[in-house]
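Now for the letters of each chain:
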Amino acid sequence: MSEIAVIGGGLMGHGIALVLALGGHHVRITDSRPETLDAVPGLIASALDTLREAGAIEPAWTDERVNGAIRRSLDLTETVAGADLVIEAITENPDAKRAFFAELDRICPDSTILASNTSYLDVFPLIPARRQARAVVAHWYTPPYIVDLVDVVPGPETDPTVVAFVRDLVVGLGQVPIVLKRFIPGYVANRIQSAIGAEVYALLDEGIASPREIDDAIIHGLALRIPILGHLAKADFTGLELLRHALTNASYEPPKARTQSDALDVLCQEGRTGVMSGRGFFDWGDRPPAELFRDRDRRLLALKKAMKEVGRMEGQ
Ligand SMILES: NC(=O)c1ccc[n+]([C@@H]2O[C@H](COP(=O)([O-])OP(=O)(O)OC[C@H]3O[C@@H](n4cnc5c(N)ncnc54)[C@H](O)[C@@H]3O)[C@@H](O)[C@H]2O)c1
């Protein structure tokens, strides 16, 4: 059990705090905005409701027990005092992160491990030189209490024992760490998602298929095999010689990364910005966003349960 401080109680911070508390750790959380910090227990209670309803956690994890394991404070020094690990989940802004790590350097003992949840920023140049050996990326996905993947990424000078500590911590949470060799923006999953996005926007903008048809192709074609095989085990089943041949004789070129999509522009101009506005590519009716998120999470948890039962192929 570790003492862990989470800095930033927004979308990611409150979810990471919840995962850590469910892992049996002592958690402290702070945010520079009092309203955000005040909202944390309610958001955690709502996430716990969803998890309990899906049978993903024992009923013994009551709101009181979990929120009791997460100490809230508006004071950074108090939040990090005695913490073995500080997880930074503040706004994705290089100046804010640089100033924050300088402040941490002033108040944390040398032994504290400093982890960042950054998605796209290379934080290592933003962290004081003398802290580099104990700095690491620990990147959760949203919502962290449902998506198990955590990217663990060392900087150029990170001590391997620090990487091992964070990797083991993630395993102890029942989640799935992948340790990358070095920082790359977007890590692995977001990069693959970006490649899919580039293709999807090209198909839409060229009028080849409708949003419904594209999602049908993904859900009923691509996605069915992915939970069992990922991409590379699927390649083994296809046969690598065939895939090698397909690469050399490609009859199709993937679209270039785009900086704009007509389909997205039109929807945004019409105020159809997605679930939060009730409509995006699809019409979500009059259901409030909170209900839609809950419905999505219930389905994700049911799928996770089924994936656990089905398991992975032996040898993978
Ligand atoms: N949103 C996602 O899907 C997602 C996924 C993975 C990683 N991330 C990364 O996690 C980090 C946080 O993202 P988020 O989506 O939770 O953002 P968010 O805006 O929801 O939360 C950030 C919080 O940090 C607080 N904050 C800002 N500066 C602070 C400071 N100096 N001290 C204390 N609190 C401070 C803000 O008040 C805000 O509540 C970013 O680096 C982001 O790239 C986001």
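Residues numbered from 1 in each chain as written. Predicted model: local features only at pLDDT ≥ 70, side-chain atom pairs only at ≥ 80, totals over all residues.

1. Details of the overall build of the protein
Looking only at helices and strands, the protein has twelve helices and eight strands in total. Taken over 316 residues, the protein has a buried fraction of 27%. Counted over contacts in the protein with a minimum sequence separation of 6, partners at least 24 positions apart contribute 63%. (Helix = DSSP H or I, 4+ residues; strand = E, 2+ residues; numbered from the N terminus. Buried ≥ 20, exposed ≤ 12 C-beta atoms within 10 Å, placed from the backbone. Contact = placed C-beta atoms within 7 Å.)

2. Remarks on the site of the ligand
Lining the immediate environment of the ligand, one finds 25 residues, of which Gly-8, Gly-10, Met-12, Glu-92 and Ser-119 sit closest. Ranked by the residues each element gives to the shell around the ligand, the list is headed by helix H1 (residues 11–22), at three residues. Here the shell around the ligand is built from residues that sort into nine nonpolar, 13 polar and three charged. (Near = placed C-beta within 6 Å. Nonpolar A, V, L, I, M, F, W, Y, C, P; charged D, E, K, R; others polar.)

3. Observations regarding helix H2 (residues 34–53)
Its 20 residues give H2 an end-to-end C-alpha distance of 30 Å, which sits within 8% of 28 Å, the value for a rise of 1.5 Å per residue. Largest kink in H2: about 35 degrees, centred on Val-40, with the proline Pro-41 one to four residues after it. Of all the positions in H2, only Val-40, Ile-44, Ala-47, Leu-48, Thr-50 and Leu-51 are classed as buried. Once H2 ends, the next one or two residues include Gly-55, with phi positive near 70 degrees. (Expected span 1.5 Å × (residues − 1). Bend = angle between axes of the 7 residues up to and from the residue.)

4. Observations regarding the packing of H1 against H2
H2 packs onto H1 with a crossing angle of 60 degrees between their chain directions and a minimal axis gap of 10 Å. Here H1 lies oblique to H2, going by the angle between them. Note that H1 runs across H2; the crossing there is right-handed. Two secondary-structure elements touch here, H1 through His-14, Gly-15 and Leu-18 and H2 through Val-40, Leu-43, Ile-44 and Ala-47. Among the residues forming the contact of H1 with H2, the class breakdown is five nonpolar, two polar and no charged. (Axes fitted to C-alpha atoms, helices over the stretch in contact; angles between N-to-C directions. Parallel < 35°, antiparallel > 145°, perpendicular 65-115°, else oblique. Left-handed = near helix turned anticlockwise from the far one by under 90°.)

5. Re the environment of Gly-230
Take Gly-230: it is sitting in the loop between helix H8 (211–229) and helix H9 (232–238). C-alpha separation for the pair Gly-230 and Val-152, spaced 78 residues apart in sequence, amounts to 19 Å.

6. A word on the nonpolar core
Core analysis: the biggest nonpolar cluster contains 56 residues, and Val-6, Val-86, Ile-87, Ala-115 and Val-136 have the highest contact counts within it. The greatest single-element share of this core, amounting to eight residues, is contributed by H1. Not counting chain neighbours up to four residues away, the residues in contact with Ala-115 comprise Leu-85, Val-86, Ile-87, Glu-88, Val-136, Val-137, Ala-138 and Val-166. (Core = buried A, V, L, I, M, F, W, Y, C linked by C-beta atoms within 7 Å.)

7. Examining the domain arrangement of the protein
On domain assignment, one finds that the protein holds domain 1 (3–179) and domain 2 (189–310). Averaged C-alpha coordinates put domain 1 and domain 2 at centres separated by 28 Å. With eight residues of domain 1 in contact, the opposing surface of domain 2 contributes eight residues. When grouped by side-chain class, the residues that make up the side of domain 1 that touches domain 2 number five nonpolar, two polar and one charged. (Domains from an automatic or database assignment.)

8. A word on the sheet that holds strand S8 (residues 176–179)
Reading across the sheet, the eight strands line up as S3-S2-S1-S4-S5-S6-S7-S8 and stay open at both edges, with mixed pairing between neighbours. For this open sheet the edge positions go to strand S3 (70–72) and S8, each flanked by a neighbour on one side alone. Neighbour to neighbour, the strand axes of the sheet diverge by 25 degrees on average, direction disregarded. Alignment of strand S2 (residues 26–30) against S3, held across three bridges, turns out to be parallel. Counterpart to Ile-29 in the pairing with S3 is Arg-72. Most of the contacts of H1 go to S2, to which it runs at about 170 degrees, and overall it touches strand S1 (3–7), S2, S3, strand S4 (85–88) and strand S6 (135–140). (Pairing = 2+ DSSP bridges.)

9. Focus: the pairing of S2
Across the five residues that make up S2, a large majority, four, are buried. Looking at chain direction, S1 and S2 are connected through five bridges and run parallel. From the neighbouring strand, Ala-5 faces S2, where its bridge partner is Arg-28. With H1 bridging S1 and the parallel S2, this β-α-β connection has right-handed handedness. (Right-handed = clockwise from strand over helix to strand, strands pointing away.)

10. Points about the pairing of strand S7 (residues 149–154)
Where burial is concerned, most of S7 is hidden: five out of the six residues are buried. Across five bridges, the pairing between S6 and S7 is antiparallel. Among the inter-strand pairings, His-139 is bridged to a residue of S7, identified as Asp-151. Bridge count between S7 and S8: four bridges; the pairing is parallel. Its bridge partner being in S8, Val-152 is matched across the sheet by Val-179. Since S7 and S8 lie parallel, the crossover through helix H6 (residues 160–172) that links them has a hand, and here it is right-handed.

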